[in-house]
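The residues making up each chain are set out below.
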Amino acid sequence: MIPRALMDGIVSGELDLAFRRWTRRMHVPGGTQRTPGGVVRFEAVDVVDLDAITEDEAGRAGQPLERIRAALAQKEGDVYRIRLSFAGADERVALREKARLTPKQRDDLVSTLAGMDDRSKRGPWTRQHLELIEAHPSTLAEEIAASIGREKLPFKADVRRLKELGLTESLRPGYRLSPRGRALLRHLRSLDGSSA
């Protein structure tokens, strides 16, 4: 979890460190993480002694040294110093705004969704989920999942797969279709003549 203030500093280049205490390593050098503010790259992930953290390093993490040490002292595991950099905007944000789909893009998305449906043990689900999100924007995932007899976490995992394609956006709470998702759903309905 990267706090917004830290993310803003990473984007601007003012901050480039974070400190975490983990019972097992959670990130590796070269890895990335998506955040609401963009993608963060982990340049280095090193175990350090809590008392070895310096004032300069604390400043590069955007917090007073005493606060960092106090927060880490309350947790179990090794202390990690993580060197961070801004890797760019989340590509899904740009993707989901692309509502003008070429015939090839539409066909590729239809094929991708069909493959996801074909591999599902419970049968086709992708269009149903798109229609549920369209009909219930800003509704808790748990409520939408319950309306079709599903558990919240598996439902959210499926919605994340749609989000990877740029078809949905996360809200607080719930979701909505992106412009790309709305365009695709219109296309799917045109294929079967549905006006719903």
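About the cut-offs
- Residues numbered from 1 in each chain as written.
- Predicted model: local features only at pLDDT ≥ 70, side-chain atom pairs only at ≥ 80, totals over all residues.
- Heavy atoms only, no water.
- Helix = DSSP H or I, 4+ residues; strand = E, 2+ residues; numbered from the N terminus.
- Contact = heavy atoms within 4.5 Å.
- Polar contact = N/O pair within 3.5 Å; in protein donor to acceptor, adjacent residues only side chain to side chain.
- Axes fitted to C-alpha atoms, helices over the stretch in contact; angles between N-to-C directions.
- Parallel < 35°, antiparallel > 145°, perpendicular 65-115°, else oblique.
- Nonpolar A, V, L, I, M, F, W, Y, C, P; charged D, E, K, R; others polar.
- Buried < 20%, exposed > 50% of the residue type's maximum accessible area, 1.4 Å probe, protein only.
- Salt bridge = Lys/Arg side-chain N within 4 Å of Asp/Glu carboxyl O.
- Pairing = 2+ DSSP bridges.

If you check an unreviewed UniProt entry, the protein appears there as ASCH domain-containing protein from Nocardioides jiangxiensis.

> Sorry, what's going on with the environment of Arg 106 here?
Turning to its location among the elements, Arg 106 is positioned in helix H5 (residues 103-119). Residues Arg 106 and Ala 183, 77 residues apart in the sequence, show an inter-C-alpha distance of 9.0 Å. When sequence neighbours within four positions are dropped, the list of residues in contact with Arg 106 reads Leu 101, Leu 184 and His 187. From its side chain, Arg 106 meets the backbone oxygen of Leu 101 in a polar contact 3.3 Å long.

> Looking at this structure, how should I read the packing of H5 against helix H9 (residues 179-192)?
When two helices pack together, their arrangement is captured by the angle between the axes and the distance separating the axes. Contact pair H5 / H9: the axes reach a minimum separation of 11 Å and the direction vectors enclose 80 degrees. In terms of axis orientation, H5 runs roughly perpendicular to H9. Where H5 abuts H9, its residues Arg 106, Leu 109, Val 110 and Leu 113 lie against Arg 180, Leu 184, His 187 and Leu 188. Of the residues contributing to the contact of H5 with H9, the split by class is 5 nonpolar, 1 polar and 2 charged.

> Honestly, the environment of Pro 29 in this entry has me stumped. Any pointers?
In this structure, Pro 29 sits in the loop between strand E1 (17-22) and strand E2 (32-35). What makes Pro 29 partly exposed here is its relative accessible area of 49%. Between the C-alpha atom of Pro 29 and that of Asp 46, which follows or precedes it by 17 residues, the distance is 9.1 Å. Filtering out sequence-adjacent residues up to four positions away, Pro 29 remains in contact with Phe 42, Glu 43, Ala 44 and Val 45.

> Sorry, what's going on with the pattern of salt bridges here?
Pairing between side chains of opposite charge can happen when the charged atoms of each approach one another. Within the structure shown, the criterion is met by 13 salt bridges. Its salt-bridge partner being Arg 189, residue Glu 134 comes within 2.7 Å of it at the nearest N-O pair. In this pair, Glu 134 sits in helix H6 (residues 126-135) while Arg 189 sits in helix H9, placing the two residues 55 residues apart along the sequence. According to the relative accessible area criterion, Glu 134 is partly exposed, its value standing at 36%. The class of Arg 189 is buried, set by a relative accessible area of 10%. Among the salt bridges present, the one from Asp 158 reaches Arg 150, with a minimum N-O distance of 2.7 Å. The buried category is assigned to Arg 150, whose relative accessible area is 17%. Taken together, the salt bridges that share partners define one network made up of Arg 127, Glu 131, Glu 134, Arg 189 and Asp 192.

> Would you explain the sheet that holds E2 in this entry?
Neighbouring strands of a sheet are bound in pairs by backbone hydrogen bonds; such pairs are parallel or else antiparallel. Here we have 4 strands laid out as an open sheet, ordered E1-E4-E3-E2, and antiparallel in their pairing. Looking at which strands have only one partner, the edges of the open sheet turn out to be E1 and E2. If you compare each strand with its neighbour and ignore which way they point, the axes differ by 40 degrees on average. As judged from the 4 bridges shared by E2 and strand E3 (residues 38-48), these two strands associate in the antiparallel manner. Across the sheet, residue Gln 33 finds its bridge partner in E3, namely Val 40. Against the sheet, helix H1 (residues 4-12) contacts E1, E2, E3 and strand E4 (78-88), and its axis sits at roughly 55 degrees relative to E4.

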